[in-house]
Amino acid sequence: MKEIFPILRDRRPMLCIETAAGPSAVVVFGASGDLTHRKLFPSLYELFSGDLISKQFYLIGCRRSPLSDLQFRRGIQDANGASGSDKWPAQSEAFLERCFYVQGDYRSAELYRLLQDRMAQLDKQFRVDGVRLFYLSVPPKVVEDIAERLAESKLACPAAPGHPQNVRLVIEKPFGRDLKSAIELDRKLHLCFQESQIYRIDHYLGKETVQNILVFRFANSLFEPLWNRNYIDHVQITIAESLGVEHRAGYYDQTGALRDMFQNHMLQMLSLVAMEPPASFAADHVRDEKAKLLRSLAPVSPNPQDMQIVRAQYGPGIINGKPAVGYRQEKGVDPQSFTETFVAARLMVDNWRWKGVPFYLRTGKRLSRKLTEIVVVFKSIPHSLFQDVGIEEMPQNVLRFQIQPQEGTFLSLQAKRPGSKICMSTLEMAVDYQKVFGVEMPEAYQRLLLDCLIGDQTLFTRQDSIIPTWELLQPIIDQWIYNREDIYIYQSGTSKIDPADKLIQKTGHYWNTI
Ligand code: BG6
């Protein structure tokens, strides 16, 4: 395959929309977590130093262990250094002097009293009379407790209907662990917060190429007429990781790939690819269409004979030339664990646009390499003019949105080779975002945090998109609990998972290579 690179010839027609956040206070519960240090604090710092957050700003970190403001600031500084930011020195003092620490037990009323006092004092000091963002980077069980305490303490409650929703709550996935717990979580969150105050964060929706799906589909007239069952043969969505469970065994062993990746990142990407055009780019218009699409997913048979969804777990193998242990040998994992680290499924969308078009989804850890992509395979041409010269079957056109590691959009086409009368090959038109735009892709959390602060919920999952996903997955969860031992073990470092190959081949297709 050969690549053809487009050139961004005219830099004039750049249509950019960016809004900076006004005065804001951010309170992070779970301020010791890996995610907060690697992603959250560096992203807030980038926004602050890039003038995308007002200087009327402060940040409070909150957790159980005792820490001074100074120690907390040092932790942020170290994390930012580790995240590779080169902007750190310039404005670091101004940012750090707005960072504070409050210690306490998330379940005790005392913590919320302390927070109230501290916030009252800091509101005055930094003249913050605007957004209050409570970011809950804590395990799901604790989310409900904190939301309840925030309500009781009146720190967050109530936001009167019809008034600006300045108090916001950010929560991370998993949003429940099954249908019942997801409904219960929602009930508790809504005791105090309205839906318009709740930001369910899914970092995949902040990735540039994922956001680009909407622009690609709805800002070009070329593809939308083809975007249906008449022209599209099937779609593949892959999130492959070479990393294993790393230091998150405690969480992961209770969660597995179905809840960790499939219920959220994968189904969210599917909804962006397959949803109908929204009435406008307004948050609720986009989210209406996503929810509608998720409600159109046909039930998935959990019966292993139907091969509609399969699971697997990594065993020992070789990663980057080095031996890697199997999942059950990882520190913190139950040596008898049947938790899945890989899932593949064939989903069907029961609506006019997509009837009969399979959507193949797969995600797994410890595969041969990191790759996240959406592959849209168009139907074969109806008739080959070139049969006389022996070309009976033409390769299908393939459109790829590559999300990681090299962000871009790629379209394969057949073309004549110069020279002999008829000789064809497949070319790939490549739009490599980094090469074309000449900028580093921003961290997904930057986009998402800024959106929380300015109150744009477009990229956040609404409650009515969560419930259909659990309704879809509940029969599978039940079946997998019942039939625990039926799990395939694959070698770490492989790109071929036998049950996933059988699943896709059953309907006459093949996976795009990882
Ligand atoms: C997280 C999952 O949501 O996404 C992790 O909990 C996974 O298990 C991670 O490794 C992958 O994110 P990314 O951005 O590296 O593809």
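Residues numbered from 1 in each chain as written. Predicted model: local features only at pLDDT ≥ 70, side-chain atom pairs only at ≥ 80, totals over all residues. Heavy atoms only, no water.

> I'd like a rundown of the overall build of the chain, residues and numbers included.
The number of helices and strands found in the chain is 14 helices and 17 strands. The dimensions of the chain, computed from C-alpha atoms along their principal axes, are 85 × 60 × 50 Å. Looking at the chain as a whole, 55% of its 514 residues are labelled buried. With an accessible surface of roughly 23,800 Å², the chain has 54% of that area assigned to carbon and sulfur atoms. (Helix = DSSP H or I, 4+ residues; strand = E, 2+ residues; numbered from the N terminus. Buried < 20%, exposed > 50% of the residue type's maximum accessible area, 1.4 Å probe, protein only. Areas by Shrake-Rupley, 256 points an atom, 1.4 Å probe, with all protein chains shown as cover.)

> Requested: an account of the site of the ligand, with residues and values cited.
As a structural note, the neighbourhood of the ligand is formed by Lys173, His203, Tyr204, Lys207, Glu241, Arg248, Asp260, Met261, His265, Lys365, Lys370 and Gln404. Interatomic distance of 2.4 Å between a side-chain N/O atom of Tyr204 and an oxygen atom of the ligand. In isolation the ligand exposes 400 Å². Once the protein is present, 81% of that is buried. Broken down by class, the residue content of the shell around the ligand amounts to 2 nonpolar, 3 polar and 7 charged. (Near = heavy atom within 4 Å. Polar contact = N/O pair within 3.5 Å; in protein donor to acceptor, adjacent residues only side chain to side chain. Nonpolar A, V, L, I, M, F, W, Y, C, P; charged D, E, K, R; others polar.)

> Would you mind going over the environment of Leu371 in detail, with residue names and values included?
Mapped onto the fold, Leu371 is located in strand β13 (residues 371-378). Its relative accessible area of 0% is what places Leu371 among the buried residues. Along the sequence, Leu371 and Ile403 sit 32 residues apart, while their C-alpha atoms lie 7.6 Å from each other.

> Could you give an account of the sheet that holds strand β3 (residues 57-63), naming the residues involved and the relevant values?
Taken in spatial order, the 6 strands of this open sheet run β4-β3-β2-β5-β6-β7, and their pairing is parallel. Two strands close off the open sheet at either side, each with one partner strand: β4 (99-103) and β7 (198-201). Strand after strand, the sheet turns through a mean of 20° between neighbouring axes, direction not considered. Along the sheet, helix α5 (residues 140-152) makes contact with β2 (24-29), β5 (131-136) and β6 (167-172), crossing β5 at roughly 155°. Across the face of the sheet, helix α12 (residues 444-454) comes into contact with β2, β5, β6 and β7 while running at roughly 135° to β5. (Pairing = 2+ DSSP bridges. Axes fitted to C-alpha atoms, helices over the stretch in contact; angles between N-to-C directions. Contact = heavy atoms within 4.5 Å.)

> Quick rundown of the packing of aromatic side chains? Include the residues and the values.
Enumeration over the complete set of coordinates arrives at 19 aromatic pairs. Aromatic pair Phe57 and Phe95: ring centres 6.1 Å apart, planes at 15°, arrangement stacked. Highlighted residues: Phe57 in strand β3 and Phe95 in helix α3 (residues 88-96), separated in sequence by 38 residues. For Phe57, a relative accessible area of 0% gives the class buried. Pairing Trp354 with Phe359 gives two aromatic rings, centres 5.2 Å apart and planes at 80°, and the pair type is edge-to-face. When sorted by exposure, Trp354 lands in the same class as Phe359, which is buried. Grouping aromatic residues by their ring pairs yields a cluster made of Tyr45, Phe48, Phe57 and Phe95. The lysine or arginine in question, Arg328, covers the ring of Phe338, its NZ or CZ lying 4.9 Å from the ring centre. Between Arg366 and the ring centre of Tyr314, over which it is positioned, the NZ or CZ distance is 5.8 Å. (Phe/Tyr/Trp six-rings, centres within 6.5 Å; stacked < 30°, edge-to-face > 60°. Lys NZ or Arg CZ within 6 Å of the ring centre and 35° of its normal.)

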